[in-house]
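Residue-level structure breakdown
Listed here are the chains, written in short residue letters.
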Amino acid sequence: MLSHRAELPRDLIIAKLDRFVASRGIGTYWGEGVSTPLGVPQTRFVQSPIQQVRAEIYEFLDVALALQERQLVLEIGLGDYGGTHFLWRMLFDRVVTIERWGHLVYALDYELDPNRDLFVIGEAHAPATLRHLRFIADQFDLVFIDGDHSYNAVAADTMIFGRLVRPGGILAWHDTCQDVMGVKPFLADYTAGRIDGVNHQVTTIDLAHTASHWGRHELSPHGVRIGLSYEIINHNQISGPDLLS
Ligand SMILES: C[S@@+](CC[C@H](N)C(=O)[O-])C[C@H]1O[C@@H](n2cnc3c(N)ncnc32)[C@H](O)[C@@H]1O
């Protein structure tokens, strides 16, 4: 028997997320505190509990809240504290997160419900991962891509998992404005029709410059952008082979 989430108002969701963030790791959203410089190995203790810019994830929250159905979400990439998984579980009945490192799943420190919090531990594109996912569901209201940020991995995430978004649902990507990663050039190709011949309509939330209390390392306001982008899927827009079948 599935247990369902309680319907929470936006203010309460934000209050709970803020409390979650304040009580873990460096206690701030991405870029607000003293973050490890990009490219330097990070540990749980110098990491943001949610790897999202506060203003951007708040704005995306409104996009997700506007969905007609909020039953199932698929996330690629749990992160050190499962910050976005924590957010999605307040919005959706069930959250499925694919994560390559099992220890991150076992280290989660908030209460999990085995009927609502599902994890697939493995490489996002490995056949075993896809087989496991297929047992859980094959249609999602939101697919949030925040795993391997290289161009080829994001392209594969998009083509494999994007087709699992139900019509009217949302396909979203994180770090879409960062120059050092592959997500931005991939989205340039994806929207220009160079991936599957379709000019995908993608909306970008790019508010890092409005975030306050920037840290003293690379994540300063000097030109750093993060970005969260999304596409409303109207019908089966993503072509290509169905690798889950
Ligand atoms: C940027 S973090 C996710 C942050 C999280 N969504 C948040 O906002 O707090 C990326 C995560 O994706 C995982 N990851 C990277 N490549 C992956 C892959 N190929 N398959 C599965 N997980 C992967 C990493 O281990 C890491 O936990």
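In what follows, the accompanying structure is described. In this text, all values refer to a predicted model and were calculated from it rather than measured experimentally. (Residues numbered from 1 in each chain as written. Predicted model: local features only at pLDDT ≥ 70, side-chain atom pairs only at ≥ 80, totals over all residues.)

**Observations regarding the site of the ligand**
Worth spelling out the cut-off: Any residue whose C-beta atom, as placed from the backbone, lies within 6 Å of a molecule or strand is termed near it. Runs of E in the DSSP output that reach at least two residues are strands. Runs of H or I that reach at least four are helices, and both are numbered from the N terminus. Classes in brief: Ala, Val, Leu, Ile, Met, Phe, Trp, Tyr, Cys and Pro nonpolar; Asp, Glu, Lys and Arg charged; the others, Gly included, polar.
Close to the ligand lie 19 residues, the nearest being Gly77, Gly79, Gly83, Arg100 and Asp148. When residues of the shell around the ligand are traced back to their parent elements, those giving at least two are α3 (83-91) and β2 (94-99). For the shell around the ligand, the per-class residue count stands at seven nonpolar, seven polar and five charged.

**Structural notes on the nonpolar core**
Selection rule: Only buried Ala, Val, Leu, Ile, Met, Phe, Trp, Tyr and Cys residues enter a nonpolar core, and they are joined through C-beta atoms within 7 Å. Exposure in this text rests on C-beta crowding, where 20 or more other C-beta atoms within 10 Å of a residue's own make it buried, 12 or fewer make it exposed, and counts in between make it partly exposed. The C-beta atoms are placed from the backbone. Our contact criterion uses C-beta atoms placed from the backbone: two residues qualify when those atoms are within 7 Å.
Val73, Phe140, Leu142, Val143, Ile145 and Ala172 are the most contacted members of the largest nonpolar core, which totals 53 residues. Residues in contact with Val143, not counting those within four places in the same chain, are Leu74, Phe161, Gly162, Leu164, Val165 and Leu171.

**Observations regarding the packing of helix α6 (residues 151-161) against helix α7 (residues 183-191)**
Test applied: The axes are straight lines fitted to the C-alpha atoms, using for helices just the contacting stretch, and the angles between their N-to-C directions are given from 0 to 180°. To sort the angles, those under 35 degrees are grouped as roughly parallel, those over 145 as roughly antiparallel, those from 65 to 115 as roughly perpendicular, and the leftovers as oblique. By convention the crossing between two helices is left-handed if the near helix lies anticlockwise of the far one by an angle smaller than a right angle, and right-handed if it lies clockwise.
Direction vectors running N to C along α6 and α7 enclose 50°, while the axes themselves pass 8 Å from each other. Viewed along their axes, α6 and α7 adopt a mutual orientation that is oblique. For the pair α6 and α7, the crossing hand works out as right-handed. Across the interface between the two elements, Tyr151, Val154, Ala155 and Thr158 of α6 pack against Val183, Pro185, Phe186 and Tyr190 of α7. Residue classes in the contact of α6 with α7 are distributed as seven nonpolar, one polar and no charged.

**What about the sheet that holds strand β5 (residues 165-174)?**
To be explicit about the condition: Whether two strands pair comes down to DSSP finding at least two bridges between them.
In space, the seven strands of this open sheet follow the order β3-β2-β1-β4-β5-β7-β6, with mixed pairing throughout. Sheet topology places β3 (117-121) and β6 (203-205) at the edges, where each strand pairs with a single neighbour. On average, each strand axis in the sheet is inclined to that of its neighbour by 20°, with strand direction left out of account. Bridge count for β6 against strand β7 (residues 228-232) is three bridges, and the pairing is antiparallel.

**So, α3**
α3 sits mainly inside the fold: eight of its nine residues count as buried. Buried residues of α3: Gly83, Thr84, His85, Phe86, Leu87, Trp88, Arg89 and Leu91, and no others. Elements in contact with the buried residues of α3: α1 (10-22), α2 (54-65), β1 (72-76), β2, β3 and β4 (140-145).

**Brief notes about the packing of α1 against α3**
Close contact between α1 and α3 brings their axes to 10 Å; oriented N to C, the two are set at 155°. In this view, α1 runs roughly antiparallel relative to α3, as classed from their interaxial angle. By crossing handedness, the relation of α1 to α3 is classed as right-handed. Every residue of α3 that contacts α1 at Ile13, Lys16, Leu17, Phe20 and Val21 is listed here: Gly83, Phe86, Leu87 and Met90. A breakdown of the residues in the contact of α1 with α3 according to their chemical character gives seven nonpolar, one polar and one charged.

**Considering the environment of Asn234**
Here Asn234 shows up in the segment after β7. Judged by C-beta crowding, with 10 C-beta atoms within 10 Å, Asn234 ranks as exposed.

**Some words on the pairing of β4**
To keep it simple, the criterion reads: Orient the strands so they point away from the viewer, and a crossover whose first-strand-to-second-strand path over the helix runs clockwise is right-handed.
With respect to burial, β4 is a largely interior element, six of its six residues being buried. As paired elements, β1 and β4 share four bridges and run parallel to each other. Pairing of Val73 across the sheet is with Leu142, part of β4. Read from β4 through α6 to β5, the crossover connection turns out right-handed.

**Things to note about the pairing of β5**
β5 sits mainly inside the fold: seven of its ten residues count as buried. The pairing of β5 with β7 spans five bridges and is classified as antiparallel. Looking at the pairing, Ile170 lines up with Ile232 of β7.

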